[in-house]
Amino acid sequence: MRTYVITGAASGVGKATADMVRANGDKVISVDLHDADVIADLSSKEGREHMVAEVGRLTDGKIDVIVANAGLSINASVTLAVNYFGALATLEGLHPYLAGSDSPRAVITASMASLQPFNQEILDLSLAGDEEAAMKVAEANSDPAGYVNYPTSKRALVRWMREHAISEEWAGAGIPLNAIAPAIILTPMTEPIFADPVQRENMLSKVPMPLNGPAPAEACASAIMFLASEANTHICGQVLFTDGGYEASTRGAGQW
Ligand SMILES: NC(=O)c1ccc[n+]([C@@H]2O[C@H](COP(=O)([O-])OP(=O)(O)OC[C@H]3O[C@@H](n4cnc5c(N)ncnc54)[C@H](O)[C@@H]3O)[C@@H](O)[C@H]2O)c1
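What you see is a predicted model; the values in this text were computed from it and never measured.

### Some words on the environment of Leu 240
Phase 1: With respect to the helices and strands, the residue Leu 240 is situated in strand S9 (residues 239-242).
Phase 2: As a C-alpha pair, Leu 240 and Ala 181 span 59 residues in sequence and 5.8 Å in three-dimensional space.
Phase 3: In contact with Leu 240, other than residues within four places in its own chain, are Ala 179, Ile 180, Ala 181, Ala 223 and Leu 227.

Below, the structure written as structure tokens:
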């Protein structure tokens with residue numbers, strides 16, 4: 001039986017992934033603000049430390065898969081704190097617990113937003129690991145009407161993932177580290193947008209998804225399941241766009 005730690009497992013993609021893992025007969029240690037085995041606020045240092053300690057206690061320090069999925073998308077500094085610094089703390093904090101696994105894996109939930117306009121200063125400070133300074137700039141860019149902190153947090157996460165996936169710590173230790181990048185998923189995160197016809201049309205026109213349109217959480221969970229599976233032995237530092245064709249539509253030939 002494999003043990004998966006899934007953050008953000010109380011809702012949406014995390015919950016759908018947890019359901020699939022359990023349906024396979026494997027074990028889930030869920031982490032979330034509520035309705036989880038480990039209740040932890042990943043926006044804070046204390047919450048992250050508590051999460052690592054609790055997962056260690058519940059698993060005797062032996063796990064097989066990390067799914068760093070928790071996130072939110074409001075234009076506030078807490079979005080950077082959870083989506084980037086919380087995800088890094090999850091990956092780095094739980095990494096030692098993968099050491100005893102025959103087939104360790106780590107998967108991140110990034111986003112197609114990692115391709116969108118971002119704030120260079122927040123990105124640079126985040127990648128330099130200066131959370132305090134990055135949070136100050138994020139704070140200053142938290143106009144509720146804006147859209148900076150979310151794409152910047154996801155871009156930073158993908159940049160970090162690609163740099164670290166090939167390192168001694170991850171690839172060298174036999175741990176595939178990869179990300180999925182969804183476009184629009186129909187989860188509580190996007191419910192308010194889809195409840196408002198104007199916002200809904202605006203979103204659909206800005207985020208083309210020619211293949212099957214906005215995705216159910218299970219579509220993304222399936223991709224996480226593959227990246228986390230024992231079958232995945234050689235995918236390293238990749239961003240799997242589970243986006244109904246958004247990336248191909250918007251980046252097109254420019255990418256290759
Ligand atoms: N919904 C979309 O359209 C979409 C698109 C691209 C990427 N994503 C990403 O998918 C991931 C999952 O999102 P979802 O759509 O399932 O949303 P969701 O809101 O249904 O689930 C997110 C979960 O993260 C948890 N969470 C938020 N802040 C937390 C904190 N401080 N500490 C611990 N847990 C916290 C929430 O409680 C919630 O259970 C996120 O990383 C999100 O950025 C979502």
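### Some words on the pairing of strand S1 (residues 3-7)
Phase 1: The buried fraction of S1 amounts to 5 of the 5 residues, a majority that puts the element mostly inside the structure.
Phase 2: Taking every second residue as pointing to the same face, both faces of S1 are buried, with Thr 3, Val 5 and Thr 7 on one and Tyr 4 and Ile 6 on the other.
Phase 3: When S1 meets strand S2 (residues 27-32), the two strands line up parallel, connected through 5 bridges. From the neighbouring strand, Ile 6 faces S2, where its bridge partner is Ser 30.
Phase 4: As paired elements, S1 and strand S4 (residues 65-68) share 3 bridges and run parallel to each other. Residue pairing across strands places Val 5 opposite Ile 66, the latter belonging to S4.

The rules we used
- Residues numbered from 1 in each chain as written.
- Predicted model: local features only at pLDDT ≥ 70, side-chain atom pairs only at ≥ 80, totals over all residues.
- Heavy atoms only, no water.
- Helix = DSSP H or I, 4+ residues; strand = E, 2+ residues; numbered from the N terminus.
- Contact = heavy atoms within 4.5 Å.
- Buried < 20%, exposed > 50% of the residue type's maximum accessible area, 1.4 Å probe, protein only.
- Pairing = 2+ DSSP bridges.

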